[in-house]
Amino acid sequence: AKASFLRIAPEAAYTFKNNHSIGARFNYTRVAGMLDSATLDLLGNLSLSAGDVDAVTSSMGGHIFQRTYVGIDKQGRFGIFWDYVLGYTRSRTQLTSPSYSVKDKFSLSFAPGVIYFPMNNISIHASISIADLSYASTTAYENSEVVGTHQGWRAQAGLNLMNLNFGLTLHL
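Source: prediction; values computed, not measured.

Caption draft 1: How the structure looks around the side chain of Arg67. Tracing the backbone shows Arg67 in strand β4 (residues 46-71). For Arg67, the side chain forms a polar contact with the side chain of Asp83, separated by 2.7 Å. Those residues within four positions of Arg67 in sequence are excluded, and the remaining contacts are Glu11, Asn19, His20, Ser21, Arg25, Phe81, Trp82, Asp83, Ile115, His125 and Thr169.

Rendered as structure tokens:
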């Protein structure tokens, strides 16, 4: 089995008022995995096996956000913040050679976090999305022909470690 993961997500923010900024983020993600063979046997009653699985998912997206800060030290270097994020992501997933799916997703989310300003115009932060409202449209293709579609709304709240973000922001 082999696996690889790459995520690049540069962002920039403009501070328009004391403790308030607006910014943009672009992200690219690629996940690839290959499995030669695997077998799962559950107490001798159920046996599942898979072989020659090669999967690749890549996605690109753009997000705009509004961030509000609250300082928690006297110098204003450490703080907490919350983001309101509006975004679009397009992803493609391919499990077998002629079959793939394309997903378009629009989302609105809320993400609190912690921040540190080592310099006046550079910050280091960590945040996690805890609430999300999204609309997604997925189309499945085989041999470049549409074989299925799905559209739907989703609302969720809670902590998901996959939504944990770390970043470095340049404030213009």
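Caption draft 2: A look at the packing of aromatic side chains. Tallying each qualifying case throughout the model produces seven aromatic pairs. Ring centres of Tyr69 and Phe81 lie 6.4 Å apart, and the angle between their planes is 55°; on these two criteria the pair is classed as tilted. Here Tyr69 is found in strand β4, whereas its partner Phe81 is found in strand β5 (residues 78-96), with 12 residues between them in sequence. As far as the burial class goes, Tyr69 and Phe81 line up, both buried. Through a chain of ring-to-ring contacts, the aromatic side chains of Tyr69, Phe81 and Phe117 assemble into a single cluster. Over the ring of Phe81 we find Arg67; its NZ or CZ atom is 4.3 Å from the centre of that ring. Positioned above the aromatic ring of Tyr100 is the side chain of Arg92, whose terminal nitrogen or guanidinium carbon lies 3.8 Å from the ring centre.

Definitions and limits used
- Residues numbered from 1 in each chain as written.
- Predicted model: local features only at pLDDT ≥ 70, side-chain atom pairs only at ≥ 80, totals over all residues.
- Heavy atoms only, no water.
- Helix = DSSP H or I, 4+ residues; strand = E, 2+ residues; numbered from the N terminus.
- Polar contact = N/O pair within 3.5 Å; in protein donor to acceptor, adjacent residues only side chain to side chain.
- Contact = heavy atoms within 4.5 Å.
- Phe/Tyr/Trp six-rings, centres within 6.5 Å; stacked < 30°, edge-to-face > 60°.
- Buried < 20%, exposed > 50% of the residue type's maximum accessible area, 1.4 Å probe, protein only.
- Lys NZ or Arg CZ within 6 Å of the ring centre and 35° of its normal.

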